[in-house]
Amino acid sequence: MAPKVKITRKEIVAAAIELVRQRGEMALNARNIAASLDCSTQPIFSNFSSMEELRMAVIAQADKLCNQYIKDEVESGVYPAYKATGMAYIRFAKEECELFKLLYMRDRSQEVVPKEMALDNEMEGLLHNNTGLAGAKAELFHLEMWAFVHGIATMFATGFLNLDWDLVSKILTDAYQGIKTQFKKEL
């Protein structure tokens, strides 16, 4: 008798990610995932206690993919590091629109969401070196830029907008410079 093929958590999450990429979050269910793995739903519920646990694993994997976009863009050196994070976020929204929607356009009313987008030390250091801002001012600057970048990304993810990357770069530079000028007036 041939041994049973064991389907791993990693394979299930990979299949679920691909399913979301192709058909969106609404297609994320045990039957669809099982069909894509050519198995019953049993391996899914042997590896995950619930669909919510699997959904959270898919969200965590999508977040890793988004962070990889950011890391790759920063390391490419094409843009200054702070700008590269925004460009990567927008690129992720364009190229992985369904994963972007899953991460950033889902209903979070029942989730505990951080009050603010706190800066990590590296990002705050970049902002301080480029703008002279620190602490609460740097956080507000970042929040304003992030809201702007998120708006462009959302337009890409929903197919509302499709701009040339050079124009996206110019728009981000213009927004950055405008917000920086406004903050400098307040110093």
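Residues numbered from 1 in each chain as written. Predicted model: local features only at pLDDT ≥ 70, side-chain atom pairs only at ≥ 80, totals over all residues. Heavy atoms only, no water.

Draft legend 1. Broad picture of the packing of aromatic side chains. With the rule as written, the count across this model stands at ten aromatic pairs. Ring centres 5.0 Å apart and planes at 55° place the aromatic pair tyrosine 89 and tyrosine 104 in the tilted group. Of the two residues, tyrosine 89 sits in helix H5 (residues 81–95) while tyrosine 104 sits in helix H6 (residues 97–104), which places them 15 residues apart along the sequence. Owing to a relative accessible area of 5%, tyrosine 89 belongs among the buried residues under this scheme. Given the relative accessible area of 24%, tyrosine 104 is considered partly exposed. Judged by centre distance (5.6 Å) and plane angle (65°), the ring pair of phenylalanine 141 and phenylalanine 183 falls under edge-to-face. With phenylalanine 141 in helix H8 (residues 135–157) and phenylalanine 183 in helix H9 (residues 165–186), this residue pair connects regions lying 42 residues apart in the sequence. Like phenylalanine 141, the residue phenylalanine 183 is buried in the burial classification. By way of ring pairs, the aromatic residues Tyr82, Phe141, Tyr176 and Phe183 are connected into one cluster. Geometry around tryptophan 165 places arginine 91 over its ring, the cationic atom sitting 4.3 Å from the centre. (Phe/Tyr/Trp six-rings, centres within 6.5 Å; stacked < 30°, edge-to-face > 60°. Helix = DSSP H or I, 4+ residues; strand = E, 2+ residues; numbered from the N terminus. Buried < 20%, exposed > 50% of the residue type's maximum accessible area, 1.4 Å probe, protein only. Lys NZ or Arg CZ within 6 Å of the ring centre and 35° of its normal.)

Draft legend 2. Local environment of unusual backbone geometry. Positive phi is not limited to glycine here, since aspartate 38 has a value of about 55°. On the secondary structure map, aspartate 38 appears in the loop between helix H2 (30–37) and helix H3 (42–47). Since its relative accessible area comes to 72%, aspartate 38 is described here as exposed.

Draft legend 3. Structural context of the nonpolar core. Counting 52 residues, the largest nonpolar core has Ile33, Leu54, Val58, Ile90, Phe141 and Met145 as its most contacted members. Of all elements in the fold, only helix H1 (9–23), H2, helix H4 (51–76), H5, H6, helix H7 (121–131), H8 and H9 reach the threshold of two or more residues within this core. The element that contributes the greatest number of residues to this core is H8, accounting for eight residues. The contact partners of isoleucine 33, leaving out residues within four places of it in the chain, are Ile12, Ala15, Ala16, Leu19, Leu28, Ile44, Met51 and Leu54. (Core = buried A, V, L, I, M, F, W, Y, C linked by side-chain atoms within 4.5 Å. Contact = heavy atoms within 4.5 Å.)

Draft legend 4. Local environment of the pattern of salt bridges. Going through the model one piece at a time under the given rule, you end up with nine salt bridges. The shortest N-O distance in the salt bridge between glutamate 96 and arginine 21 comes to 2.8 Å. Remark: arginine 21 occurs in helix H1 and glutamate 96 occurs in the loop between H5 and H6; sequence separation between them is 75 residues. On the accessibility criterion, glutamate 96 (12% relative accessible area) is buried. We note a salt bridge from lysine 170 to aspartate 174, for which the minimum N-O separation is 2.7 Å. Note that lysine 170 and aspartate 174 are positioned in helix H9 at a spacing of four residues, about one turn of the helix. Overall, the relative accessible area of 48% leaves lysine 170 in the partly exposed class. (Salt bridge = Lys/Arg side-chain N within 4 Å of Asp/Glu carboxyl O.)

Everything listed here is a matter of coordinates, which is why it stays silent on function.
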